[in-house]
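# Fold and contact review
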Amino acid sequence: MKYTLTFSAIVAAVTILASACGGAIAPTLPTNPPTQGLTISDVWARASAAKPDSSMNMPASDGMNMPKPNSAVYMKINGGGVADKLVQAESAVAAAVELHTVEMKDGVMQMRQVEGGIDVPAHATLELKPGGFHVMLIGLEQELKPGETFKVKLTFEKAGVKEVVAEIRSLQQ
Ligand SMILES: [Cu+2]
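This one's a predicted model, so the numbers in the text were calculated from it and none came from an experiment.

The secondary structure content of the protein amounts to one helix and 10 strands. Secondary structure of the protein in N-to-C order comes out as α-β-β-β-β-β-β-β-β-β-β. Residues counted as buried form 21% of the 173 residues belonging to the protein.

Before going further, it helps to spend a moment on the pairing of strand β3 (residues 84–90). By the bridge criterion, three bridges tie β3 to strand β6 (residues 118–120) in an arrangement that is antiparallel. From the neighbouring strand, Asp-84 faces β6, where its bridge partner is Val-120. Sheet topology places β3 next to strand β9 (residues 149–156); four bridges connect them, and they run antiparallel. Each bridged residue has a counterpart across the sheet, and for Gln-88 the counterpart in β9 is Thr-155.

Looking now at the nonpolar core. Membership of the largest hydrophobic core comes to 30 residues, with the highest contact counts inside it found for Val-73, Ile-77, Leu-86, Val-135, Leu-137 and Val-152. Here this core takes four residues from strand β2 (residues 71–78), the largest share from any one element. In this structure Val-135 touches Ala-72, Val-73, Ala-89, Val-97, Leu-99, Leu-128 and Val-152, once residues within four positions along its chain are discounted.

A few words on the confidence of the model for the protein. On average, the protein scores 81 in pLDDT, and the residues at 70 or more come to 69%. Residue range residues 29–34 is modelled with pLDDT below 50. Its contacts to residues more than four positions away, or to other chains, number zero contacts.

All right, on to unusual backbone geometry then. The phi torsion at Asp-106 lies on the positive side, around 55°, for a residue other than glycine. Within the element layout of this structure, Asp-106 appears in the loop between β4 (94–105) and β5 (108–113). At His-123, a residue that is not glycine, the phi angle is positive and equals roughly 55°. You can see His-123 is positioned in the loop between β6 and β7 (125–128).

A few words now on the pairing of β4. The sheet contact formed by β4 and strand β8 (residues 134–140) spans six bridges and is antiparallel. Each residue of the ladder has a partner; that of Val-97, found in β8, is Leu-137. Bridge count between β4 and β5: six bridges; the pairing is antiparallel. Bridged to Met-104 within β5 is Met-109. The hairpin formed by β4 and β5 contains two residues between the paired strands, and Asp-106 there has a positive phi angle of roughly 55°.

The next point concerns the environment of Glu-157. Mapped onto the elements of the fold, Glu-157 is located in the loop between β9 and β10 (160–169). Separated by 72 residues in sequence, Glu-157 and Lys-85 place their C-alpha atoms 5.3 Å apart. In this structure, Glu-157 is in contact with Asp-84, Lys-85, Val-87 and Gly-117, ignoring residues within four places of it in sequence.

Moving on, we get to the environment of Leu-86. Position of Leu-86 among the secondary structure elements: in strand β3. Linking Leu-86 and Gly-116, residues 30 residues apart in sequence, is a C-alpha distance of 8.8 Å.

Reading the values: the criteria
Residues numbered from 1 in each chain as written. Predicted model: local features only at pLDDT ≥ 70, side-chain atom pairs only at ≥ 80, totals over all residues. Helix = DSSP H or I, 4+ residues; strand = E, 2+ residues; numbered from the N terminus. Buried ≥ 20, exposed ≤ 12 C-beta atoms within 10 Å, placed from the backbone. Pairing = 2+ DSSP bridges. Core = buried A, V, L, I, M, F, W, Y, C linked by C-beta atoms within 7 Å. Contact = placed C-beta atoms within 7 Å. pLDDT = per-residue confidence, 0-100.

If you want it as structure tokens, here you go:
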């Protein structure tokens, strides 16, 4: 009789444990498939033009009349489970950073700032490349030497802030 009671107690305990486990696990099961976040790859920037020759006889005008060079950052943005939007880019290497696109206007390729951000489709790769979307670096604060890297902070509407490293490449390679 004592053995039977003990056995019943064990069965009861196991049953409670099992239901407790089931109860604990069930709420953590995702109701929707997990949303894969977007990823960014192949980030690179155009090397800046060579600085004005300082040996030239124009010391006073150097830096005054010579505008700072510009450059651009390109990358592949691999869309996640939901459509997103690249709304802002920042970097310490340039005085201003803007999101640009290139379009044909009156038979001439012109670039302009993108209003409202660049759409990143879900489950597709958006490529920022020469002749298309790019992160414009206006007024470089430093020379961009091929082989070196610098940081770029990207802000997405849904994915939030992503910091990436751009590799500087020469277009003459
Ligand atoms: Cu541009």
